[in-house]
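What the coordinates show
For reference, the chains in residue letters:
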Amino acid sequence: MRRMQLVELEDLPWMPAAIRDGGTDLLDLGFDRLGFYRGVVPKLAALLDRTGRTQVIDVCSGGGGGALYAIRALRDEGREDVRFVLTDRYPNEAGRARVAARSDPRLVYRDEPVDALAVPAELDGVRTMWGALHHFPPEAVTALVASMVADGKPLAFFDVAASPALRRLPGALAPLMMGVNMTALFVGSFFLVPFVRPLRASRFALTYLVPLIPALVAWDGTVSAIRAYAPEELLAIARAVPGGDAYDWDAGVAGSALYFTGCPRAA
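This text gives an overview of the structure that appears in the document. (Residues numbered from 1 in each chain as written. Predicted model: local features only at pLDDT ≥ 70, side-chain atom pairs only at ≥ 80, totals over all residues. Heavy atoms only, no water.)

Points about the pattern of salt bridges
Inclusion rule: Take a side-chain nitrogen of Lys or Arg and a carboxyl oxygen of Asp or Glu: if they are within 4 Å of each other, that pair is a salt bridge. Exposure is judged per residue with a 1.4 Å probe applied to protein chains only, and the accessible area is read against the type maximum: over 50% gives exposed, under 20% gives buried, and values in between give partly exposed. To qualify as a helix, a DSSP run of H or I must reach at least 4 residues; to qualify as a strand, a run of E must reach at least 2; elements of each kind are numbered from the N terminus.
In the structure shown here, the tally under the stated rule is 19 salt bridges. The salt bridge involving Glu 112 is made with Arg 110; its shortest N-O contact spans 3.6 Å. In this structure Arg 110 comes out as partly exposed when scored by relative accessible area, which is 21%. Across the salt bridge formed by Asp 124 and Lys 153, the nearest N and O atoms sit 2.4 Å from each other. Placement of the pair is Asp 124 in the loop between β3 (107-109) and β4 (126-130) and Lys 153 in the loop between α5 (138-150) and β5 (155-160), with a sequence separation of 29 residues. The class of Asp 124 is partly exposed, set by a relative accessible area of 36%. In this structure, a network of salt bridges that share partners links the residues Glu 8, Asp 11 and Arg 227.

Shown next as structure tokens:
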């Protein structure tokens, strides 16, 4: 089965924020509890060391998930100098609350919407993205990488990795796989919601009274696996963008997490 660019519900502009944020908050919690990004944070640390940068501009931050995990991991290693600026096209209320609760002067969530394809010039630093790259079709990934290369920015993207087993699955079996996975995510959502912070009445209502958040998690979580990129696909895109030959590219998988980094060769 090849990668398919299906639609995730959270990408729909008319999706109510309470449902979109409720779903992304739940997925972030699951990734955090599993330590999903544990194996790829060293890739970010190495890029910071190589470039001498101390500021990270995170795009498509959502509820903060991966970025908050990364800054905690870096702090645990004594990296108190790194500043994170979280941004999103649809700033997440719960994400901003989580950032505020940390009272970390080197961690901010930008209130103004930021498009990952048009990051304001004043936001200078290593550009990261956690768990969102699969939302972009190949032509948008090309535009995303090209914009960062044109700006001369180092980048580090982390996401769900394409499953080799899933890629080998005959397309005819895709509906069966999706049904099983959606059922597991839908049921699991009911158990995880009480652990999401900060607590919100809307999240409980949209889970236990009208289960719209579990429905979004079930669909989007399953589609994410189908939309996930393989390292070689990202390297092919990066090497083809204008100026890409002036960058050192690296991509691979650590555990189930995908990493994709690029650094100007002069850095």
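Details of the layout of surface pockets
We apply this condition: A pocket here means an open set of points on a 1 Å grid, computed over the protein atoms alone, that has protein on both sides within 12 Å along at least five of seven lines. A cavity is instead a set of points where a 1.4 Å probe fits but cannot get out; residues with an atom within 4 Å of a point line either one. Grid points are joined across faces, edges and corners, and a volume is the space filled by probe spheres set on the points.
Estimates place the volume of the second largest pocket at around 340 Å³. Around the second largest pocket, the lining comprises 23 residues; the ones closest to its centre are Leu 29, Asp 32, Leu 68, Arg 98 and Arg 102. Counting residues per element, the lining of the second largest pocket draws most heavily on helix α1 (residues 17-34), which supplies 6 residues.

Some details on helix α9 (residues 212-227)
Put simply, the test is: A helix is expected to span 1.5 Å for every residue after the first.
Over its 16 residues, α9 runs 22 Å from end to end, which matches the ideal 22 Å to within 8%, given 1.5 Å per residue. Among the 16 residues of α9, 12 are classified as buried, and the element is accordingly described as predominantly covered. All of the buried residues along α9 are Ile 213, Pro 214, Leu 216, Val 217, Ala 218, Asp 220, Gly 221, Thr 222, Val 223, Ser 224, Ile 226 and Arg 227.

What about the pairing of strand β1 (residues 55-59)?
Within a regular beta strand, the side chains point alternately toward one face of the sheet and then the other, so they alternate between its two faces. Put simply, the rule reads: At least two bridges found by DSSP between two strands is the condition for calling them paired. The handedness of a crossover follows from its direction of travel: if, with the strands pointing away from the viewer, the path from the first strand over the helix to the second runs clockwise, the crossover is right-handed.
Here β1 lies mainly inside the structure; 5 of its 5 residues are buried. Of the two faces of β1, the one holding Gln 55, Ile 57 and Val 59 and the one holding Val 56 and Asp 58 are both buried throughout. Sheet topology places β1 next to strand β2 (residues 83-86); 4 bridges connect them, and they run parallel. Bridge pairing in β2 links Asp 58 to Leu 86. With respect to chirality, the unit in which β1 leads through helix α3 (residues 65-76) into the neighbouring parallel β2 is right-handed. Examined bridge by bridge, β1 and β4 share 4 bridges and lie parallel to one another. Within the sheet, the bridge partner assigned to Ile 57 lies in β4 and is Arg 127.

Any functional reading would require information that these geometric values do not contain.
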